[in-house]
Amino acid sequence: MAEAPTNGAVAASDNPASEAPASQDPSTEVAEAAQLGDDGEQIEDIPFAVTIVLPHDLKTFEIPVSPLEQIHEIRQSIIEHPLAIQYSCFHLEHAGERINDFIQVSDVNGLVAGSELHVVEDPYTEKEARIHLIRIRELIGAAGDRTDTVHGVLAGVSIYDDVVDHKHLATEDEVDEYDFAAPPSLSILLPKETEPAPKTVKAISLSSWNPPPAYLRQRGHLLYLVVATNEGEQYQITAHVGGFFVNKSSNAKFDPFPKPGPKEYAAHSLFTLLEKISPSFATAYDNFQQFTNQKDPLATFQIGNAFPSAPWLVPSSASPLCAHSADMARTQETFLLGGAENTDSLRDWNEEFQSAKELPRDTIQDRVFRERLISKLFADYNDAAARGAVLVARGEVAPLNPTEGRDAQIFVYNNVFFSFGADGVGTFTTEGGDEAARVATGKDVLGVKLVNQLDIDGLYTPGTVVIDYLGKRIVGQSIVPGIFKQPEPGENQIHYGAVDGKDMVAADERFAPTFERLARALRVKKHAVWDKDNKRFDLEASVEMKGLLGTDGRKYVLDLYRITPLDIAWMEEGSDAETEYPHRMTVLRPELIENLGKQKAREFINAELAKRGALKKSEEGLAKVEEKDGELTAETATATEETSSDATSKTLEGEEVSETIDSEEPTDKEDRIDMSNFTYSLNPDVFSAQVPQTDAEKAELVKDEEEVREACKQLWDVVIPGLLHDLGESDVSFPMDGRSLSRLLHRRGINMRYLGKLATQSEGTRLQCFRDLCEREMIARSFKHVAAQYLKYLPLPLTSACLSHLLNCLLGCGLNSKPVAVIDESLKALFSDAELEFENVSPESLREAIQHETARRFRYTLPDGWSSQIRHLQLLREIALKLGLQIQTKNFVFTAESESTTEKPVANGQASGEGKSKKKKKNARDGSPASIASSVSAPQTFSPDDFVNVVPIIKDSCPRSSLAEEALEAGRLSIYQNQRKLGEDLLLESLSLHEQIYGLLHPEVAQLYHTLSQLYFQLEQKEAAVELARKAAIVAERTVGLDSAETVLNYLNLSLFLHQRGDSKQALVYAKHALDLWKIIYGPDHPDTITTMNNYAVMLQSIKAYHESRRWFEESLRVCEKVFGQHTVHSATLLFQLAQALALDQDSKGAVARMQESRNIFQNILGADDKNTKEAEHWLSQLTHNAVAIAKMAKGQEKRTGISFPSRNVAMGASAKDSKTGLVDQSASTTKKMDGRSIDDLIKYINDSDKKKGSSGNKKRAGRGNPKRRGSTAAGTSA
């Protein structure tokens, strides 16, 4: 369970038959097409080495290149090489000829293995000089810290290198005793404080003499810099077209010409010039490199194609990790990046998106280039849109329509069009107003993502992103040409779909073919709609989905929030007026429609096979059909699955699979099932006030409605009970937090509004974890909606006061039942018109508001006393992640009882080595304003100073790479078909494609590392599995979250693979870290931790830590009995393992008792003839006779000495180190002189002898560890 997958990509590896294509087309294409050039001729894609010759000192080095690689990629490899770091402005020459940067290696005449490529320095332009300065500042560590308004504090940080203390691990002989009852230590979420990096220069920035005057610009002057070296000297430097030189200027005098005499320094590269003017620079740079190399390279690389994860818990502002240093160039970076006019950073996003989509995709290399460009483009756009949205939310961008209401205002910033996710103009009045508009924007971005994934030729979407920030939802879109154009009289701006609400409908036939392909992929039925004049229009898509012909001639699809029908069963379930659902945008999930389509396809195939079977006359013919049934079902079902419109479905070259099926030439037509007669599609416009006119139209609409009702019934009667059944039977892994819960539900096609129904139907102890998680998620989501009402129009400086008060009312009322909002009076006076209703919120009113939101959004009634039963820390984490909060770390005191004992867990309840650092952190915070304020006023859990930052929550529409996933699936399929060599080649190809397209640091790459590590482990390539699991952990930490469910699973995999490799000590550290993270994410007693604790106990046995291993088995058994019950096969299995652990720990009596319990449970449930029962019986016999021998020895020893010894120290003279071997030997020796009594009589004899040893009997309860240690577990659950 610990290593069970949590997403579709990994889950597929567990069931390859259901995911693999029917043929090897993907592997054939990837393996063969990669060898073809643009002209169709075969190119050997075999890397070879070329020699790079540097200028001046003619240093050389070799780099490997591929014939399909482009020259600019080689150029980048040169820039990153340690010998060529100083170069950034150059071109390459071969045989005296300049090489174009954008051609392939294969296009360079005469370039073969061993050829020389010469680096030739180019003259600088102002842009090149600016880029060079930025690069050198980064390279030498002079860039300082950056205050990023979007990414947040410590964004993209990794703690991988801090998890294992290798020095301590090498010297440690014994394993520390783990305290299962201790609350989680939050210090594991913070990187360790380190010494500051060594300085190479004191400062480097632009000079105040910038920009060069016109007459000097004519002479080649580009920029003026000022450098302060470590020796205390200050140099004024001119950036010239020919390079950099020290000039004669000073702070007071302008003379930018070269300094004559002995101090004449000049170089083409600024790096070389710094080496000349500063004697200590080279040594300092080497020290800086050694400092940076202490961390794993993946932990320090810049994240380029993804949003770095912002941790919800950050160090205090006094920590060196958050130190704010002086850096003059920090304010100059806008100029350095964008130029004086800031034109470098202004981009026509829409044109870039659509031009990238139109790039050729005929060859593999074309597809790689295209998908890599699209991935980078989406990353840049999402970043720009997020930055613009934050400025819009803060009121720093002027609206285009300032006279309109706040919710109706629109903005344009950085060529991105922004609007609020609210019903500012009354479009959604009948659907639920602001609530409906807010949901529609989220559904729209999901629809755009699906369309982008389908990649249909001739159909375009605007770049779309949704940003949630401080209670506001903001939509960012690239500007579609013609979107603001006023239509001519008699013309409509919209060419397909609804115009002006639904009063008018347009149906331009130019859109019909492309919309028909889109509808087929999304399983949307062609259907009739009517305008206000009852005129009929036959549309391929929902009437809400609009087609716009841009002024650039492209067909754009907009408003994709209704690609699936309404969930009419939910709407008709009914509720009272007070708890009426807040909107009518309750559409079904696309995943549900897709899964239903696959199910209908299987039913169609089975029906066809049944027909064929009935037509066969002879038994011989019937046998032939049965022989091929399996192939037919797998082949056709898979082909049908390839029609998937879900984001996970891919088809080669982006074509519809139905076309692929028709175009295939079957080897035997009789063995194929014609799928052309099968269709499954739904009408998305049923139950939306359409008024058919004729009886035939009414009958058709009734039929469409019944099909939708059937889909809703399937969701209620099959999908939801099926998920609960799978969870109860442990067929799927239990989610850990809200994010993994939502992914699990969405993968099954279940909307989050069904959390209440799921919680209600989660009965019994097996589903208690799932029920608790559903309730926690409902509370967190309800709180988010309540908080948004107060935050939406609140000025930014007052948001911390609002957040602290609301969280005090929710989580801190156990410490202070009447919390008071702490607001800076000067700010309150300054924002006199601000709405400060949050001041009036009390714990009682907030609880009522949350209960009301939960009742109307999830139709669930929270249990009485829920506010006192919640796990405070876990709920705080969920709220912080949903609102984008970054909270300053401290010892959170949630209840008055825990206030007096808060320090105790911090000092004692953590692993060794953490105590000192925690005390230091506390001392550092003692002087902070928050600490001082709380000591003066009544104690409150949160203060405004605790809320350091708020980061935007982003939903993007970036598609995944179909090419990389094709290679992965083809590799998987080849391995499962025992074509191991081809499979491994394709897996490596997929890894290369993922890294090329996404970059090294991306959630998709982390997922691939995770998947490949499992595959390589199954292939017995343990070293490769460990390396991939390590990479997966680091990349997941930086792009998904330090404490995300993915990160936990990656650390668990890493520990498992290390153990199998023989490095159990290190494996234990990573497993413990994962379990500590698990405590923070979920709390104690998660069902999946049973397997993890079992694995941990086995690892402990491998290093002969038998007593600690026994404690872990006992804890695993406790959780198992809590979840599954005492008399279950799960408990019997763990009792069996625990008995063996007790025997190794020389507790013979406990071992016999536990094995007897295990035998009895197996016998009662599985029967006496089951192999598990027999094995337990055999072990019970061996353990019993071993215990009898020990008891006899103890009695003999008593008679001779009169002293009673505990049985733990009398194990046939065997030391703890050799107890396992001793156990087997003893069993063998006792069987020679077998005691004639029955096992039950022998057990009674052992128990009687044990009673006589009072001191021994009171020391340890059989197999139960220390009861004092276990009794306080419940106290930790409240965390």
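As a reminder, the structure under discussion sits directly above these lines.
To keep things clear, this report deals only with the structure shown in the data block. (Residues numbered from 1 in each chain as written. Predicted model: local features only at pLDDT ≥ 70, side-chain atom pairs only at ≥ 80, totals over all residues. Heavy atoms only, no water.)

Re the packing of helix α14 (residues 364–393) against helix α34 (residues 962–976)
No. 1: Between α14 and α34, the shortest axis-to-axis distance is 9 Å and the interhelical angle comes to 125°. By the angle between their directions, the pair α14 and α34 is classed as oblique. Where α14 abuts α34, its residues Ile364, Arg367, Val368 and Glu371 lie against Ser962, Leu963 and Glu966.
No. 2: Grouping the amino acids of the contact of α14 with α34 by side-chain chemistry returns 3 nonpolar, 1 polar and 3 charged. (Axes fitted to C-alpha atoms, helices over the stretch in contact; angles between N-to-C directions. Helix = DSSP H or I, 4+ residues; strand = E, 2+ residues; numbered from the N terminus. Parallel < 35°, antiparallel > 145°, perpendicular 65-115°, else oblique. Contact = heavy atoms within 4.5 Å. Nonpolar A, V, L, I, M, F, W, Y, C, P; charged D, E, K, R; others polar.)

A word on the pairing of strand β21 (residues 555–558)
No. 1: Direction of pairing for strand β20 (residues 546–549) relative to β21: antiparallel, over a ladder of 4 bridges. From the neighbouring strand, Leu548 faces β21, where its bridge partner is Tyr556.
No. 2: Turn length for the β20-β21 hairpin, with the two strands adjacent in sequence and antiparallel, is 5 residues, and the turn residue Gly553 shows positive phi of about 85°. (Pairing = 2+ DSSP bridges.)

Overview of the sheet that holds strand β6 (residues 203–206)
No. 1: If you walk across this open sheet you meet the 5 strands as β6-β7-β8-β9-β10, and the pairing is antiparallel. Edge positions in the sheet fall to β6 and β10 (266–267), since each of these pairs with one other strand and no more.
No. 2: The sheet contact formed by strand β9 (residues 243–246) and β10 spans 2 bridges and is antiparallel. Of the residues in β10, the one forming a bridge with Phe245 is Ala266.

Some words on the pattern of salt bridges
No. 1: With the rule as written, the count across this model stands at 77 salt bridges.
No. 2: Between Lys792 and Asp407 there is a salt bridge, with the nearest N and O atoms lying 3.9 Å from each other. Of this pair, Lys792 sits in the loop between α24 (768–791) and α25 (796–811) while Asp407 is found in the loop between α14 and β12 (410–413), placing the two residues 385 residues apart along the sequence.
No. 3: On the basis of relative accessible area, Lys792 is assigned to the partly exposed category, the value being 21%. (Salt bridge = Lys/Arg side-chain N within 4 Å of Asp/Glu carboxyl O. Buried < 20%, exposed > 50% of the residue type's maximum accessible area, 1.4 Å probe, protein only.)

Observations concerning the nonpolar core
No. 1: The biggest cluster of nonpolar side chains holds 212 residues, and the ones touching the most others in it are Phe770 and Phe783.
No. 2: Considering every element that reaches this core, the biggest residue donor is α14, with 13 residues.
No. 3: The next biggest cluster of nonpolar side chains, apart from the first, holds 31 residues, and it includes Ile136, Ala142, Leu222 and Leu270. (Core = buried A, V, L, I, M, F, W, Y, C linked by side-chain atoms within 4.5 Å.)

Some words on the environment of Ser868
No. 1: With respect to the element layout, Ser868 can be found in helix α28 (residues 866–869).
No. 2: Taking the C-alpha atoms as reference points, Ser868 and Leu810, separated by 58 residues in sequence, lie 9.7 Å from one another.

Some points on the packing of aromatic side chains
For any pair of aromatic rings, the description consists of the separation of the ring centres together with the inter-plane angle of the planes.
No. 1: One pass over the structure, following the stated rule, counts 33 aromatic pairs.
No. 2: Ring geometry for Phe180 and Trp1112: centres 4.8 Å apart, planes at 75°, overall edge-to-face. Residue Phe180 is found in the loop between α7 (166–171) and β6, and its partner Trp1112 is found in helix α41 (residues 1106–1124); the two are separated by 932 residues along the sequence. The residues Phe180 and Trp1112 share a single accessibility class, namely buried.
No. 3: Ring plane angle 50° and centroid distance 6.1 Å describe the contact between Tyr460 and Tyr556, whose orientation is recorded as tilted. Here Tyr460, found in the loop between α15 (434–454) and β14 (464–469), pairs with Tyr556, found in strand β21; they are 96 residues apart in sequence, far enough to count as distant.
No. 4: Using a relative accessible area of 0% as the deciding quantity, one classes Tyr556 as buried.
No. 5: Feature note: the residues Tyr178, Phe180, Tyr1096 and Trp1112 constitute an aromatic cluster, connected by ring pairs.
No. 6: The side chain of Arg554 reaches across the aromatic face of Tyr460, ending 5.6 Å from its centre.
No. 7: Above the face of the Trp570 ring, Arg859 is positioned so that its terminal group lies 4.1 Å from the ring centre. (Phe/Tyr/Trp six-rings, centres within 6.5 Å; stacked < 30°, edge-to-face > 60°. Lys NZ or Arg CZ within 6 Å of the ring centre and 35° of its normal.)

In short, the description is geometric, and any link to function would need to be established separately.
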